[in-house]
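Breakdown of the fold
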Amino acid sequence: MAEFLQAKDNRKIIHVDIDAFYAQVEMRDDPRLKKLPLAIGRDPDKHLGHGVVATANYVARKAGVHSAMGSIEAKRACPNLVFVAPDFDKYRAISAQIHAIFHEFTEMIEPVALDEAYLDVSSNKMSAPTLAAKLRKRIWEETHLTCSVGVSYNKVLAKLGSEHHKPNGVTVIPHNLAQDFVWELPIKDFRGVGAKTLEKFEKLGIKDGRDLYAMSQDDLRVYFGSFGDVLYWQARATHFGPVKDRSIRQSVGKENTFEFALHDRQVVEAAFKELASKVVANMEKRKLLGRTLTVKIRDDDFHTSTKGITQSVPFELDPAFMVRQAMLIFDEAYPDDMAIRLLGLTFSNIEEQKYQAVSLFEQ
Ligand code: DCP
Ligand code: MG
């Protein structure tokens, strides 16, 4: 079955991801940093121990420093770690340059992050590996940054490919090599496998793609629910997810992380008010409406709850209304004690604003 499905999937997909993005940019702009262990984030010594590492260069990674690590912990792992504060405006500008280069290759682009995207280049006559090489060359010429690229016939394999030879690598996975590639893959490298899943696999004695392939679809469902199906098809190098062209955005939202937890309902309400006006301004600017409003709340213990309300007609773009909805959800999730670290408001199920068809003659 899988072989049959595979044979029909003749797309050409490229996944591209800039190596150690923020860190590489800072090393490019100050080559003295190249040989030093570098973290992008705030120096804990200068900020009362606060801050997290956004990313680290490969020298620091060798010492165990990684993204999302607390700055203090990072410094403990690597005492001579150099911190450079992030310059988001700069990264956004470079991201725009990179994404403009993607558009030289295809219009079917799914942006994943500032430094990462899937490109469907099926309609281009040139071979996918040739296009990947050209893409890397263009990015280097324009930005003097290196990236890693995976080339295959589906998104999952392309992504696994770009991760395979990082940094500055290219991995091409054609049909005839795909099954072997997946069989050889350590179980931790499969998409979506985090610490919890890994623990389950360890208990089951599943170490690599070959072991995973041997598991039945039913067993995978029993252990992992619907994610079991995802794993079943990953083990068969099969995935039909399209490259989602986001020329119409999928969602518009805003989150706020608080350095000091919020304990007061009124302060939470004020924070939602601020978020709501920003989201509304953004929606207005893009002339969009949304049918789903999602509220995200994270507390001090990193417990995150997200709850969405979906309507059959788009929501009014009215911050006060949005805050009322958010507070209804908030009050339900946090009846009394609270220590709030993050709040977010997002519209999805997006559509374009159109003029209302109002008949002047209707009674
Ligand atoms: N980033 C962040 N916080 C995270 C993860 C990433 O701020 N928890 C930022 C910093 C990264 C950028 O996003 O430079 C891109 O994320 P990647 O996951 O692609 O990581 P890198 O590009 O830094 O490294 P890699 O070489 O693994 O792609
Ligand atoms: Mg990257």
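These figures come from a predicted structure and were not determined experimentally. (Residues numbered from 1 in each chain as written. Chains lettered and ligands numbered in written order. Predicted model: local features only at pLDDT ≥ 70, side-chain atom pairs only at ≥ 80, totals over all residues. Heavy atoms only, no water.)

On to the UniProt feature "active site" (unreviewed entry) in the chain, then. Residues given the UniProt feature "active site" (unreviewed entry) here are Glu116. Inspection of the secondary structure puts Glu116 in strand 6 (residues 116-120). Judged by relative accessible area, which is 10%, Glu116 ranks as buried. The residues contacting Glu116, other than those within four sequence positions of it, are His15, Val16, Asp17, His99, Pro111 and Lys159. (UniProt positions renumbered as here; feature names shortened; annotations may be inferred. Helix = DSSP H or I, 4+ residues; strand = E, 2+ residues; numbered from the N terminus. Buried < 20%, exposed > 50% of the residue type's maximum accessible area, 1.4 Å probe, protein only. Contact = heavy atoms within 4.5 Å.)

Turning our attention to the site of ligand 1. The environment of ligand 1 is made up of 14 residues, and the closest members are Ala20, Phe21, Thr55, Tyr58 and Arg61. The side chain of Asp17 places a nitrogen or oxygen atom 3.1 Å from an oxygen atom of ligand 1. Between ligand 1 and Ala54 there is a distance of 3.5 Å, counted from a nitrogen atom to a backbone nitrogen or oxygen. Within the complex, the protein chains bury 68% of what would otherwise be the 550 Å² of accessible surface of ligand 1. Structurally, ligand 1 is housed in the second largest pocket. At the level of secondary structure, the elements contributing two or more residues to the shell around ligand 1 comprise strand 1 (13-18), helix 2 (21-29) and helix 3 (58-62). A class-by-class count of the residues in the shell around ligand 1 yields seven nonpolar, two polar and five charged. (Near = heavy atom within 4 Å. Polar contact = N/O pair within 3.5 Å; in protein donor to acceptor, adjacent residues only side chain to side chain. Areas by Shrake-Rupley, 256 points an atom, 1.4 Å probe, with all protein chains shown as cover. 1 Å grid on protein atoms, 1.4 Å probe; cavity = no way out; pocket = protein on both sides within 12 Å on 5 of 7 lines; lining within 4 Å. Sits in = over half its atoms within 2 Å of the grid points. Nonpolar A, V, L, I, M, F, W, Y, C, P; charged D, E, K, R; others polar.)

With respect to the helices, strands and loops of the structure, Ser122 is situated in the loop between strand 6 and helix 6 (128-143). On the basis of relative accessible area, Ser122 is assigned to the partly exposed category, the value being 30%. In sequence terms Ser122 and Lys12 are 110 residues apart; their C-alpha atoms lie 4.6 Å from each other. Once residues within four sequence positions are removed from consideration, Ser122 is found in contact with Arg11 and Lys12. Polar contacts involving the side chain of Ser122 include one to the side chain of Asp120, which spans 2.5 Å.

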